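Chain residues, written in single-letter form:
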Amino acid sequence: QVQLVESGGGLVQAGGSLRLSCAASDRIFRLLDMGWYRQVPGKQRELVAAITSGGSTNYADSVKGRFTISRDNAKNTVYLQMNSLKPEDTAVYFCNGRLPFTTRDYWGQGTQVTVSS
């Protein structure tokens, strides 16, 4: 089925920026609603940002104004631009894709983001 592969994570100083990428293996990408989630040990995975197949976006309050989600259907790729990073943004970030009105749900392997003080 559809494979999602995240990249772009790493170590960055507080106040810095990173751009995460999530590449999909199939042209079905254009039909998927996409999202970025993050998770730290001992806590539930939380939605950070989402973008529908039509381009509508929404964000968690904690990242609104700092993060921007976008997609390039020609490249089967969704991005998360992360600016003004804070130590509390440290987490494993996962890419998610959902086919609307079905039970189909796809997950990437995750990429580590670490923000130092």
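It should be noted that the structure appears before, not after, this text.
About the criteria used
Residues numbered from 1 in each chain as written. Predicted model: local features only at pLDDT ≥ 70, side-chain atom pairs only at ≥ 80, totals over all residues. Heavy atoms only, no water. Buried < 20%, exposed > 50% of the residue type's maximum accessible area, 1.4 Å probe, protein only. Helix = DSSP H or I, 4+ residues; strand = E, 2+ residues; numbered from the N terminus. Pairing = 2+ DSSP bridges. Disulfide = S-S within 2.5 Å. Axes fitted to C-alpha atoms, helices over the stretch in contact; angles between N-to-C directions. Salt bridge = Lys/Arg side-chain N within 4 Å of Asp/Glu carboxyl O. Polar contact = N/O pair within 3.5 Å; in protein donor to acceptor, adjacent residues only side chain to side chain. Contact = heavy atoms within 4.5 Å.

**Q** Can you walk me through the pairing of strand E9 (residues 91-98) in this structure?
**A** When a strand is regular, its side chains alternate between the sheet's two faces. Burial within E9 is extensive, with six of its eight residues counted as buried. Two strands pair when backbone bridges link them, and E9 and strand E11 (residues 111-116) are joined in this way by three bridges, in the antiparallel orientation. By the bridge assignment, Tyr93 is partnered in E11 with Thr111. Here E9 folds back onto strand E10 (residues 105-107) in antiparallel fashion, the turn holding six residues, of which Phe101 has a positive phi close to 65°.

**Q** What is the right way to read the state of the cysteines from this model?
**A** Working definition of a disulfide: a covalent bond connecting the sulfur atoms of two cysteines. Tallied over the entire structure, the rule returns one disulfide. Here Cys22 is linked by a disulfide to Cys95, with a sulfur-sulfur distance of 2.0 Å. The S-S bond linking Cys22 to Cys95 shows a torsion near -85°; that makes this disulfide left-handed. Residue Cys22 is located in strand E3 (residues 18-24), and its partner Cys95 is located in strand E9; the two are separated by 73 residues in the primary sequence. No difference in accessibility class separates Cys22 from Cys95, as the two residues are buried.

**Q** For this particular structure, what's the right way to read the sheet that holds strand E1 (residues 4-7)?
**A** In sheet architecture, strand pairing relies on hydrogen bonds along the backbone and comes in two forms, parallel and antiparallel. Pairing in this open sheet of four strands is antiparallel, and the strands run E1-E3-E8-E7 from one edge to the other. Two strands bound the open sheet, and with one partner strand each, they are E1 and strand E7 (67-72). Taking each pair of neighbouring strands and ignoring which way they run, the sheet shows an average axis angle of 15°.

**Q** Would you mind showing me how to read the pattern of salt bridges here?
**A** Side chains that differ in sign of charge can pair as their charged atoms come close. Scanning the model with the defined rule gives five salt bridges in all. One salt bridge in this structure joins Arg38 and Asp89, with 3.0 Å as the shortest N-O distance. Residue Arg38 is located in strand E4 (residues 33-39), and its partner Asp89 is located in the loop between strand E8 (77-82) and E9; the two are separated by 51 residues in the primary sequence. Just as Arg38 is buried, Asp89 falls in that class too. Overlapping salt bridges, with partners in common, bring together Arg38, Glu46, Arg66 and Asp89 in one network.

**Q** Help me out: how do you make sense of the side chain of Thr77 in this one?
**A** You can see Thr77 is positioned in strand E8. By relative accessible area, Thr77 is classed as buried at 8%. At 2.8 Å, the side chain of Thr77 and the backbone oxygen of Lys75 are in polar contact. Beyond its immediate chain neighbours, meaning those up to four positions away, Thr77 contacts Ser21, Cys22, Ala23, Phe29, Ser70, Arg71 and Asp72.

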